[in-house]
Amino acid sequence: MPRYPTARRHVVALLSLALAACGSPARPCGTACGTAIILIRGEPDALMPGVTQTTDGIAIGDLLFVKLADMGKDLNTVGDSGFEPRLATRWHFEDSVTIVFDLDARARWEDGRPVRADDVVFSFDLFRDSLFGAPQRSSLAQIASVTARDSLTAVIRFRAAYPEEFYDATYQVRILPKHALDSIPRGRLAQHPFVRHPMGNGPYRLARWRAGEAIELAADTGFFLGRPGLSHLIWRISPDPTANAAQLVAGEADVIESLVDPTVVQRVRQTPGLAAIEYRSPVYFYVGFNLRSPGTSSVSHPLLGNRDLRRALVQAVDRESIVRSALLGLGSIPPGPISPMEWIWSDRDTRSRADTAAASAALDRLGWRERGPDGIRRQHGRRLAFTLLVPAFSRLRIQVADLIQDQLKRVGVAMDVQPLEANVWIDRIQKGRFDAIFGSWSTDPTPASVLQTWTSSGIGGYNYQHYSNPVYDRLVNQAVKTHDRATAVALWHEATDTINADAPAIWVLSPATVAGVSARFTNVSFQSDQWGMTLWRWHVPRDKMIGRDSVGALPAAAPPAPRQP
Amino acid sequence: MTGRYVAMRLIQAAVTVFLVATLTFLAVHLAPGDPLQVLQDSPRVAANDVAQLRRLYHLDQPVWTQYAYYVVQLAHLDLGYSFGQHRPVLDALVEALPATVELALAAICVMFGLGVGIGAYQGAHANSPLDRMFSAGALVLWAAPSFWLALLLIVVFVERLHLLPAVGAVDVGVYDSLGLFAQVLDRLRHLVLPGLTLGLIGAGYLSRYQRTAMRAALSQPFVRAARARGLTNATVLLRHALRNALLPAVAIFGVELPSLLSGAVIVEPVFGWPGMGRLAAGAIFQRDYPLVTGAAILAATVVVAGTLVADLLAHLVDPRLRTPA
């Protein structure tokens, strides 16, 4: 006879109840259905525009707050060509320095109050306030004033006319609710609960932030530009890329915005029910040479200060084979300090082919003829050697650095690869204590980003290599001020040829941005500059819905309690 | 006398926690970088604006000045404000602590359930083929890096078998629409893989201790006496030998808390587990000084409190530890 018959019966009953509960149908979602689970590797710091510094914080913020206008698919930054109305229904240039925006009268904040021109004035004032400390502040320096002509008309006036006025007026600032934020001291705003639980005017509202786990958005069915296609968006925080790939393949998640590993891209392509969608990358990777002796700003680098030697190094590196082997072909070779997202990107051949014979001949001419027992060139007993700093967090860069090291060794150049922890890496490059760095820039859509990174005005800031050529500076400054796109493109190409001739860097590669997405979604598209912006147009057809698509409406988050930080 | 002992131990505990806070504060401040350095690596942000923020948060001050600010803050029982979370450190920690406790409890169950069970079996069947197999397995588990074991379990149970969820504490897509029992089951399903990962490694080495203890117990005279009394083999093993062989496992229990907390720093990020380990790991990379120091203080407090309670219980239970009045 069993010893514990009653207890066993209880356990069986309990399990049966649990299983029955497990199978209980979800609450019906009515006509608003569809859930997308999006995997992100880090938790956003905040969701409020102007405060959040994280890519995912910005992506989620883009669904909570609407801009005056959005860039079109061609990501043009000159004039207003291609821009699409959002909070502004229309606009016009009153004169060369004044843009007038007519706001959509239907736009509402989450609390039901209308979005008005005063909110636009407040938002620009906030973003330009040094006490608030928005990262976009320096991009708004050309704006002289923002005023409300009436409750639905905002006027932005610039100090001087330039081609990217409209871009600066619309790209940098999200419109925030004046009535909710005006009473909070600017210096304390970044510490207010609003930054994590904002009240927006976008297609979605924050339903819940499960700290460390997930951020859940619920559709605003009354959104003034139309009902969002998916009722719920869930950003699940999952730091490990292997675990993320497993979740996507197993159907536990629906979207990974960027599949970093090319082998994962292949797995996604081979998995039924998943789609790999490629879109233009905002990133380029480069090996930057320090033109100054490490740690100094005036003494030329004893080795890499020589332009002909740098050109020989560029010639020795076979970037096409690197893209093939490290990215399995999923990438491109930048023609200069340009990302594929920028409208000046071109696929024209810019010395991307390696020529080891020419590189060897050039090094011979420079006096590096003698070779040591290790095969490395020498001159007066000195080895032709330098060190490349690589951030240890980037597996791709470490892998590519090894390939470059091997290619340079074939022409008799020793390149030591030194991986560094992220903060040590930034510290070293900011102090100029390096020979060469394996850097990357994630650019804005405007090509003017090079002003900070590669012109003389960026020295002491983000031009870590101390590259300076007055001809390049002049061409970039001309291109930035040119209104005609065709003329501007020609100037940008001339500037690119100039910097390439000086070879301050090897423009190594630009990995393709490939998203992994569940094939049950329709109307899927990605925008390179702000990928999350198009999510509200995604949709799930009824015949393709799965369990989580039918879950009822999520409870809306309680508005933040007024409290002093 | 006991009151004086308790008071002394409390003072020692407070000093220990304060030392941990000081050492963590110094270590994280002496490491390269600061919370705003990432901002400074973005061409979108003007260098002047970063400098202004640095002044605002006293990050431009010498480390000792910053330490003085921090001590004053601590004296007001304020752990400070997290740069990376944009909220008070205490709020972030209080929210993350229950998940870590939940994971630690699951790991302890795995560790002691498997470790004691398998070790006892091995001790009772020493040098059998199964004993050798378990010994080899325990050695592999003991030596295995936790992140490797975690990924292995994910590949097998999530990607290949589609049996268990990989990430998070609940199924965020449907959790709110489930009934109470289904919610409990959902939490348990999510707990399996991280709990196994954290617990299996401990089980690996605990089983080795348990095997040795069991063998030692079986050679004791009281076991021979029990057998001589005609008791069944199961009774001898479970009631007499195992009960005595459990003492090393109980001793290990007290030592395990710190290693579980440190193990959580590795395991939680892999499984996206919303606990203190993941929070601390992220804060270290972001140089979120207040959050790193706050997490260290909380972890030290938990460990010190656990040790204190264990010591006090031992003091009460074992008369030999008491000082004569």
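Here is what the cut-offs are and how they apply
- Residues numbered from 1 in each chain as written.
- Chains lettered and ligands numbered in written order.
- Predicted model: local features only at pLDDT ≥ 70, side-chain atom pairs only at ≥ 80, totals over all residues.
- Heavy atoms only, no water.
- Helix = DSSP H or I, 4+ residues; strand = E, 2+ residues; numbered from the N terminus.
- Rg over C-alpha atoms; globule rule 2.2 N^0.38 Å.
- Buried < 20%, exposed > 50% of the residue type's maximum accessible area, 1.4 Å probe, protein only.
- Contact = heavy atoms within 4.5 Å.
- Areas by Shrake-Rupley, 256 points an atom, 1.4 Å probe, with all protein chains shown as cover.
- Lys, Arg positive; Asp, Glu negative; His and termini not counted.
- Charge placed at Lys NZ, Arg CZ, Asp CG, Glu CD.
- Arc of directions from axis to C-beta.
- Axes fitted to C-alpha atoms, helices over the stretch in contact; angles between N-to-C directions.
- Parallel < 35°, antiparallel > 145°, perpendicular 65-115°, else oblique.
- Left-handed = near helix turned anticlockwise from the far one by under 90°.
- Core = buried A, V, L, I, M, F, W, Y, C linked by side-chain atoms within 4.5 Å.
- Buried area = accessible area lost by both parts, 1.4 Å probe.
- Salt bridge = Lys/Arg side-chain N within 4 Å of Asp/Glu carboxyl O.
- Nonpolar A, V, L, I, M, F, W, Y, C, P; charged D, E, K, R; others polar.
- Pairing = 2+ DSSP bridges.
- pLDDT = per-residue confidence, 0-100.
- Phe/Tyr/Trp six-rings, centres within 6.5 Å; stacked < 30°, edge-to-face > 60°.
- Patch = residues over 30% accessible without salt bridge, like charges linked within 9 Å, V, L, I, M, F, W, Y side chains within 5 Å.

Draft legend 1. View of the overall build of chain A. Within chain A one finds 15 helices and 22 strands. Its C-alpha atoms give chain A a radius of gyration of 27 Å, near enough to 24 Å, the size a compact globule of 565 residues would have. Judged by the C-alpha coordinates and their principal axes, chain A covers about 85 × 85 × 45 Å. Every one of the 565 residues in chain A was classed for burial, and the buried ones make up 57%. Looking at chain A alone, contacts between residues at least 24 apart form 68% of all its contacts between residues at least 6 apart. As displayed, chain A offers around 22,300 Å² of accessible surface, 52% of which is attributable to carbon and sulfur atoms. Looking at chain A, you have 63 positive and 57 negative side-chain charges, and the mean spots of the two groups are 5 Å apart.

Draft legend 2. Broad picture of the overall build of chain B. Helix and strand content of chain B: 13 helices and two strands. C-alpha extents for chain B along the principal axes are approximately 85 × 65 × 40 Å. Put simply, chain B has 325 residues, and 46% of those count as buried. Across chain B, contacts joining residues at least 24 apart in sequence account for 72% of those joining residues at least 6 apart. With the model as given, the accessible surface of chain B reaches about 16,000 Å², and the carbon-plus-sulfur share is 70%. Across chain B, the mean location of the 22 positive side-chain charges is 18 Å away from that of the 18 negative side-chain charges.

Draft legend 3. Examining helix H7 (residues 262–270) of chain A more closely. If you check which residues of H7(A) are buried, you get A:Pro262, A:Val264, A:Val265 and A:Val268. Projected down its long axis, H7(A) shows its buried positions confined to an angular sector of 155°, all on one face.

Draft legend 4. Quick peek at the packing of helix H8 (residues 307–316) of chain A against helix H10 (residues 356–365) of chain A. Residue and element names in this part refer to chain A. Direction vectors running N to C along H8 and H10 enclose 160°, while the axes themselves pass 8 Å from each other. Taken as axis vectors, H8 and H10 run roughly antiparallel relative to one another. Where H8 crosses over H10, the two elements pack in a sense that is left-handed. Contacts between H8 and H10 involve Leu309, Ala312, Gln315 and Ala316 from the first element and Thr356, Ala358, Ala359, Ala362 and Leu363 from the second.

Draft legend 5. Local environment of the nonpolar core. All names here are of chain A. Formed by 81 residues in total, the largest nonpolar core has its most connected members in Met48, Leu68, Phe124, Leu217 and Trp235. It is helix H3 (residues 117–127) that contributes the most residues to this core, six residues altogether. If near-sequence neighbours (up to four positions away) are discounted, tryptophan 235 is found in contact with Ile38, Ile40, Ile60, Leu63, Glu213, Ala214, Ile215, Leu217, Trp531 and Leu535.

Draft legend 6. Summary view of the interface of chain A and chain B. The partner chain B presents 55 residues to the 66 residues of chain A that form the contact. Taken as a group, A:Glu213, A:Asn423 and A:Tyr462 account for 12% of the area that chain A buries against chain B, more than any other trio of residues on that side. Our count for the contact surface shared by chain A and chain B stands at six salt bridges. Two residues, B:Asp176 and A:Arg208, come together in a salt bridge whose shortest N-O distance is 3.2 Å. For the side of chain A that touches chain B, the secondary structure elements donating two or more residues are helix H1 (5–22), strand E8 (204–210), strand E9 (214–219), strand E10 (232–237), helix H6 (241–250), helix H12 (422–430), strand E20 (436–442) and helix H13 (450–453) of chain A. Grouping the constituent residues of the side of chain A that touches chain B by class yields 31 nonpolar, 17 polar and 18 charged.

Draft legend 7. Main features of the sheet that holds strand E1 (residues 35–40) of chain A. Residues and elements named next belong to chain A. Taken in spatial order, the seven strands of this open sheet run E8-E9-E10-E1-E11-E22-E12, and their pairing is mixed. Each having just a single partner strand, E8 and strand E12 (274–279) make up the two edges of the open sheet. Across the face of the sheet, H7 comes into contact with E12 and strand E22 (513–518) while running at roughly 130° to E12.

Draft legend 8. Expanded view of the sheet that holds strand E6 (residues 143–150) of chain A. All names here are of chain A. Spatial ordering of the open sheet is given by E4-E5-E7-E6, a layout of four strands whose pairing is antiparallel. Two strands lie at the open edges of the sheet, namely strand E4 (88–95) and E6, each paired on one side alone. Recorded for the sheet is a direction-independent mean angle of 20° between the axes of neighbouring strands. Note that strand E5 (residues 98–103) and strand E7 (residues 153–158) share five bridges and pair antiparallel. Note on E7: the bridge partner recorded for isoleucine 99 is isoleucine 156. Sheet contacts for H3: E5, E6 and E7; angle to E6, the most-contacted strand, approximately 165°.

Draft legend 9. Main features of the packing of helix H14 (residues 470–480) of chain A against helix H15 (residues 485–502) of chain A. Residues and elements named next belong to chain A. Interaxial distance between H14 and H15 falls to 9 Å at its minimum, and their mutual angle equals 160°. Considering their axes alone, H14 and H15 lie roughly antiparallel with respect to each other. Our pair here, H14 against H15, has a crossing hand that is left-handed. Judged by residue contacts, Val471, Tyr472, Leu475, Val476, Gln478, Ala479 and Val480 of H14 engage Ala488, Leu491, Trp492, Glu494, Ala495, Thr498 and Ile499 from H15. Class assignment for the residues of the contact of H14 with H15 results in 11 nonpolar, two polar and one charged.

Draft legend 10. Broad picture of unusual backbone geometry. All names here are of chain A. The phi angle at leucine 328 is positive, at roughly 50°, despite the residue not being glycine. One can find leucine 328 in the loop between helix H9 (319–327) and strand E14 (331–332). On the basis of relative accessibility, which here comes to 39%, the residue leucine 328 falls in the partly exposed class. Of note in this structure, asparagine 523 is not a glycine but carries a positive phi near 60°. As for its placement among the helices and strands, asparagine 523 is situated in the segment after E22. Judged by its relative accessible area of 53%, asparagine 523 falls in the exposed class.

Draft legend 11. Structural view of the confidence of the model for chain A. On average, residues of chain A carry a pLDDT of 88, and 91% of them reach 70 or more. Per-residue pLDDT stays below 50 along residues 1–28 of chain A; that stretch engages in 24 contacts with residues further than four places along the chain or on separate chains.

Draft legend 12. The pairing of E22(A), seen in detail. Residues and elements named next belong to chain A. Burial analysis of E22 places six of its six residues in the buried class, the great majority of the element. Examined bridge by bridge, E12 and E22 share six bridges and lie antiparallel to one another. Paired with alanine 276 across the strands is glycine 516, a residue of E22.

Draft legend 13. Highlighting the packing of aromatic side chains. Residues and elements named next belong to chain A. In the structure shown here, the tally under the stated rule is 31 aromatic pairs over all chains. For the ring pair tryptophan 91 and phenylalanine 101, a centre distance of 6.4 Å and an interplane angle of 50° mean the geometry is tilted. Separated by 10 residues along the polypeptide, tryptophan 91 in strand E4 and phenylalanine 101 in strand E5 bring together distant segments of the chain. In this structure, tryptophan 91 and phenylalanine 101 share a single accessibility class: buried. Ring plane angle 40° and centroid distance 4.9 Å describe the contact between tryptophan 91 and phenylalanine 166, whose orientation is recorded as tilted. One end of the pair, tryptophan 91, is in strand E4; the other, phenylalanine 166, is in helix H4 (residues 165–171), with 75 residues separating them in the sequence. For the pair tryptophan 91 and phenylalanine 166, a shared accessibility class is recorded, and that class is buried. Through a chain of ring-to-ring contacts, three or more aromatic side chains come together here, namely Phe83, Trp91, Phe93, Phe101 and Phe166.

Draft legend 14. Summary view of the pattern of salt bridges. Residue and element names in this part refer to chain A. The final tally for this structure, using the stated rule, is 31 salt bridges over all chains. Salt-bridge contacts for aspartate 220 lead to arginine 205; the nearest nitrogen and oxygen are separated by 3.3 Å. On the criterion of sequence distance, the pair formed by aspartate 220 in the loop between E9 and E10 and arginine 205 in strand E8 is long-range, its members being 15 residues apart. By relative accessible area, arginine 205 is classed as partly exposed at 27%. Between arginine 410 and aspartate 406 there is a salt bridge whose closest N-O contact spans 2.9 Å.

Draft legend 15. Local environment of the side chain of A:His466. Within the secondary structure layout, A:His466 lies in the loop between H13 and H14. When near neighbours in sequence (up to four residues on either side) are disregarded, A:His466 contacts A:Asn290, A:Leu291, A:Arg292, A:Thr296, A:Ser297 and A:Ile459.

Draft legend 16. Inspection of a nonpolar patch on the surface at higher detail. Residues and elements named next belong to chain B. A contiguous nonpolar surface patch, about 640 Å² in accessible area, is contributed by Phe147, Trp148, Leu152, Val156, Leu161, Leu163 and Ile266. Take the nonpolar patch: its biggest share by element is four residues, from helix H7 (residues 146–160). Structurally, isoleucine 266 can be placed in helix H11 (residues 247–270).

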